[in-house]
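# Structural overview
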Amino acid sequence: AKIADQTIAFIEKEMAAAAADPSIRHIVLASHWAIADKGKDFVCPIIGACKENGMSENRDRLLALCEKYGCDLFINGHEHNGRYPVGKVGNLHDINCGTPVSAPLPAGHPNEKSRGAFAMVEIHPDKALFHVYSRAAVKEADGKVVLDMPPRRLFTREIPLKPIR
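Residues numbered from 1 in each chain as written. Predicted model: local features only at pLDDT ≥ 70, side-chain atom pairs only at ≥ 80, totals over all residues. Heavy atoms only, no water.

Further remarks concern unusual backbone geometry. Backbone geometry at D142 places phi at a positive 55°, although glycine is not the residue there. Structurally, D142 can be placed in the loop between β7 (137-141) and β8 (144-149). Here D142 falls in the exposed class, since its relative accessible area comes to 81%. (Helix = DSSP H or I, 4+ residues; strand = E, 2+ residues; numbered from the N terminus. Buried < 20%, exposed > 50% of the residue type's maximum accessible area, 1.4 Å probe, protein only.)

As C-alpha cells, this is what we get:
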C-alpha cells in the first residue's frame with residue numbers, strides 16, 4: 001500500500017499530458033488500494049490514511065495531483081466490500097469495486113446477493129455510473145456446463161463528476 005516516488009512522477013507526467021489534451025474531459029485513477037480515510041468501509045487504505053500502518057507523504061502528493069489536475073474519481077478494489085462504498089477526500093470520490101468473497105455466504109449475510117459480483121463503469125460528461133452485476137450461474141447438464149442464470153444488475157450508483165474543462 002505504499003506509493004513509490006517513481007509512481008508519483010509517472011502519475012504526474014500522465015496527468016499533465018491528459019490535462020493538456022483538449023479531447024480529455026475526465027481524469028480517473030484506479031488502484032488496488034483505497035485512498036479514502038480508514039473507517040467502517042475502507043479498512044486497508046493506502047498508507048497515510050491508515051495511522052497504524054504509518055504515514056506516507058506520497059499519499060498527500062497524490063491527493064495534491066488529483067486536486068491540481070481535476071481528477072475527482074478514484075476506483076479501488078482491495079476492500080472486497082459488497083456495498084461498493086464511496087469515500088470522499090476533498091473533491092475526490094473513492095469508490096470500492098472489489099469483488100466480494102466467492103465462497104458461499106449464509107442467508108441474510110449483507111454481501112449475500114453481491115457475492116462474486118462485478119462492476120462496470122460508465123463515464124458521462126457530468127457523472128460516473130457504477131453498475132454492479134451478479135455472477136452468472138451455471139450448472140452441469142448431460143456432461144456440459146450450461147448457463148443457468150445470466151448476470152443481472154443488482155444496483156447502480158451515481159457519482160457526480162466535474163469535467164476538467
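Okay, the sheet that holds strand β1 (residues 28-31) next. Spatial ordering of the open sheet is given by β1-β2-β4-β3, a layout of 4 strands whose pairing is mixed. The sheet is open, and its two edges are formed by β1 and β3 (86-89), each paired on a single side. The average angle at which neighbouring strand axes cross in this sheet is 20°, direction not considered. Here strand β2 (residues 73-76) pairs with strand β4 (residues 92-96) via 4 bridges, running parallel. Within β4, the residue paired with L73 across the bridge is H93. (Pairing = 2+ DSSP bridges. Axes fitted to C-alpha atoms, helices over the stretch in contact; angles between N-to-C directions.)

Now for the confidence of the model for the protein chain. Residues of the protein chain with pLDDT of at least 70 account for 82%, and the chain-wide mean is 82. Looking over the protein chain, one finds the lowest element-wise mean pLDDT in β7, namely 76, and the highest in helix α1 (residues 5-20), namely 95. (pLDDT = per-residue confidence, 0-100.)

Once that is clear, we can look at the pairing of β4. For a regular strand, side-chain orientation follows a simple rule: the groups alternate between the two sheet faces. Among the 5 residues in β4, 5 count as buried, and that is most of the element. Note that β3 and β4 share 4 bridges and pair antiparallel. Opposite K88, over in β4, you have H93 as the bridge partner. Hairpin connection between β3 and β4: a loop of 2 residues separates the two successive antiparallel strands, and G90 in this loop has a positive phi of roughly 60°.

Below, the discussion takes up the environment of Y69. Within the element layout of this structure, Y69 appears in helix α2 (residues 57-69). In this structure, the C-alpha to C-alpha distance between Y69 and A18, residues 51 residues apart in sequence, is 8.6 Å. With residues near it in sequence (within four places) discarded, Y69 still touches E12, M15, A16, A19, I27 and I164. (Contact = heavy atoms within 4.5 Å.)

Tracing the backbone shows H26 in the loop between α1 and β1. Note on H26: relative accessible area 15%, which makes it buried. Within the structure, H26 has its side chain in polar contact with the backbone oxygen of H124 (distance 3.0 Å). At 3.0 Å, the side chain of H26 forms a polar contact with the backbone oxygen of P125. Not counting the four nearest positions on each side in its chain, H26 is found in contact with I123, H124, P125, D126, L161, K162 and P163. (Polar contact = N/O pair within 3.5 Å; in protein donor to acceptor, adjacent residues only side chain to side chain.)

Checked against the element boundaries, E79 lands in the loop between β2 and β3. Take E79: its relative accessible area is 13%, and that puts it in the buried class. Residues E79 and C97, spaced 18 residues apart in sequence, show a C-alpha to C-alpha distance of 8.0 Å.

Compared with an ideal rise of 1.5 Å per residue, which puts 13 residues at 18 Å, α2 spans 18 Å between its outermost C-alpha atoms and is within 8% of the ideal. Within the span of α2, buried status applies to N58, R59, L62, L63, L65, C66 and Y69. Seen end-on, α2 carries its buried residues on one side only, within an arc spanning 155°. Turned more than 90 degrees off the buried face of α2, the exposed positions are E57, E67 and K68. Considering only its buried residues, α2 is in contact with α1, β1, β2, β3 and β4. G70 occupies a position one or two residues after α2 and carries a positive phi of about 80°. (Expected span 1.5 Å × (residues − 1). Arc of directions from axis to C-beta.)

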